[in-house]
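# Descriptive structure summary
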Amino acid sequence: MTTHPRGEMTLTAEQRAAAPDAAGYAWTITEDRINTDDLVPSRVGTLGPADVHETLCKAVQKPGPHRVRFRMYDDDGIYYYGGFLTYDPELTEHLEPSWQPVQDFGMPDAGCVRISYPDRPELDCA
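Residues numbered from 1 in each chain as written. Predicted model: local features only at pLDDT ≥ 70, side-chain atom pairs only at ≥ 80, totals over all residues. Heavy atoms only, no water.

## Focus on the sheet that holds strand E2 (residues 47-48)
- Read across the sheet, five strands follow the order E2-E1-E4-E3-E5 without closing on themselves; strand pairing throughout is antiparallel. The sheet is open, and its two edges are formed by E2 and strand E5 (114-116), each paired on a single side.
- For strand E3 (residues 68-73) and strand E4 (residues 79-87), the ladder comprises six bridges, and the chain directions are antiparallel. In the sheet register, Tyr 73 faces E4, and the bridge partner there is Tyr 79.
- Contacts between helix H3 (residues 100-110) and the sheet are confined to strand E1 (25-32), E3, E4 and E5, with E1 contributing the most and set at about 40° to the helix. (Pairing = 2+ DSSP bridges. Helix = DSSP H or I, 4+ residues; strand = E, 2+ residues; numbered from the N terminus. Contact = heavy atoms within 4.5 Å. Axes fitted to C-alpha atoms, helices over the stretch in contact; angles between N-to-C directions.)

## Observations concerning the pairing of E1
- Most of E1 sits inside the fold, with six of its eight residues counted as buried.
- Across seven bridges, the pairing between E1 and E4 is antiparallel. Counted as the bridge partner of Ile 29 is Gly 83 from E4.
- When E1 meets E2, the two strands line up antiparallel, connected through two bridges. Counterpart to Trp 27 in the pairing with E2 is Gly 48. (Buried < 20%, exposed > 50% of the residue type's maximum accessible area, 1.4 Å probe, protein only.)

Okay, here's the thing in structure tokens:
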């Protein structure tokens, strides 16, 4: 049995063939530290990206070693969002999947510029 680093998941050939143009990573927001006053809806439960592979979308929502925890921060170092990322390394070989939650969601939504992975610090991006 092959073990992968936390956050990595390998799709089957059939799963890849069923959605050849789908993104090879998925993320979900599980903690929103800035939208707490009911003026702006909480971002908890947000999934992405828009073209996510269905299998990865389902997997990132379930606990297990196939996902890795992240935290997003603004340029002042204030912690805004927390969540999980999972990705298929074979589908993301030319893409930095650890930066994607910030690029897809954190930056456009709230100006996040840094993401850290407490369980895999080698994935941290700023």
